[in-house]
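Report on the structure
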Amino acid sequence: MEKLKKIWLWISGGVVALFGVFLIFSKISDSNKEKKEFKKKKKGLENDFKETQKEVDKTEKDKKKTKEKIKKNKEKIKDTESKVKDTKSAVDTLKDFKNKHKK
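Please read these numbers as outputs of a predicted model, since none were measured by experiment. (Residues numbered from 1 in each chain as written. Predicted model: local features only at pLDDT ≥ 70, side-chain atom pairs only at ≥ 80, totals over all residues. Heavy atoms only, no water.)

**Structural notes on the overall build of the protein**
Assigned secondary structure in the protein consists of 1 helix and 0 strands. Over its C-alpha trace the protein gives a radius of gyration of 44 Å, far above what one expects of a compact globule, namely 13 Å for 103 residues. Seen along its three principal axes, the alpha-carbon backbone of the protein occupies a region of about 150 × 15 × 10 Å. Expressed as a percentage of its 103 residues, the buried residues of the protein come to 0%. (Helix = DSSP H or I, 4+ residues; strand = E, 2+ residues; numbered from the N terminus. Rg over C-alpha atoms; globule rule 2.2 N^0.38 Å. Buried < 20%, exposed > 50% of the residue type's maximum accessible area, 1.4 Å probe, protein only.)

**A closer look at a nonpolar patch on the surface**
A surface patch of nonpolar side chains, about 440 Å² in accessible area, is lined by Ile7, Trp8, Ile11 and Val15. With respect to the helices and strands, Val15 occurs in helix H1 (residues 2-102). Overall, Val15 belongs to the exposed group, its relative accessible area being 51%. (Patch = residues over 30% accessible without salt bridge, like charges linked within 9 Å, V, L, I, M, F, W, Y side chains within 5 Å. Areas by Shrake-Rupley, 256 points an atom, 1.4 Å probe, with all protein chains shown as cover. Salt bridge = Lys/Arg side-chain N within 4 Å of Asp/Glu carboxyl O.)

**Details of a positive patch on the surface**
Together, Lys61, Lys64, Lys65, Lys69, Lys72 and Lys76 make up a region of like positive charge exposed at the surface. Checked against the element boundaries, Lys69 lands in helix H1. (Lys, Arg positive; Asp, Glu negative; His and termini not counted. Charge placed at Lys NZ, Arg CZ, Asp CG, Glu CD.)

**Things to note about H1**
Spanning 101 residues, H1 covers 147 Å between terminal C-alpha atoms, matching the ideal 150 Å at 1.5 Å per step. In terms of residue burial, H1 counts as a barely covered element, since only 0 of its 101 residues are buried. (Expected span 1.5 Å × (residues − 1).)

In C-alpha cells form, the structure reads like this:
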C-alpha cells in the first residue's frame with residue numbers, strides 16, 4: 001500500500017510539474033505574440049509618421065513657392081500701378097496739349 005502511495009505521489013507530482021511547464025510555456029508564447037503585435041503596430045505607426053512627414057515637407061515647399069509667387073505678383077502690381085500712373089499723366093499731358101493748341 002505504501003508503494004502505491006509513493007507511486008501515486010510521483011505520478012501526481014509529475015502531472016502537476018507537466019501542467020506547470022505547460023503554463024509557463026503558454027505564458028511565454030503569449031508574451032511573444034504581444035511583442036510581435038506591438039512591433040507590427042509600431043512599424044505601422046512609424047510608416048504613417050514618415051508619410052505624414054513627407055506630406056508636411058511637401059506642404060512647406062508649396063508654401064514657400066506660394067510666398068515667392070505672392071511677392072512676384074505684388075511687384076508686378078506695383079509696376080503696373082506705376083505704369084498706370086505714368087499713362088494717366090501722359091494722357092493728361094496730351095489733353096492739356098490738345099486744349100492749348102485748339103485755342
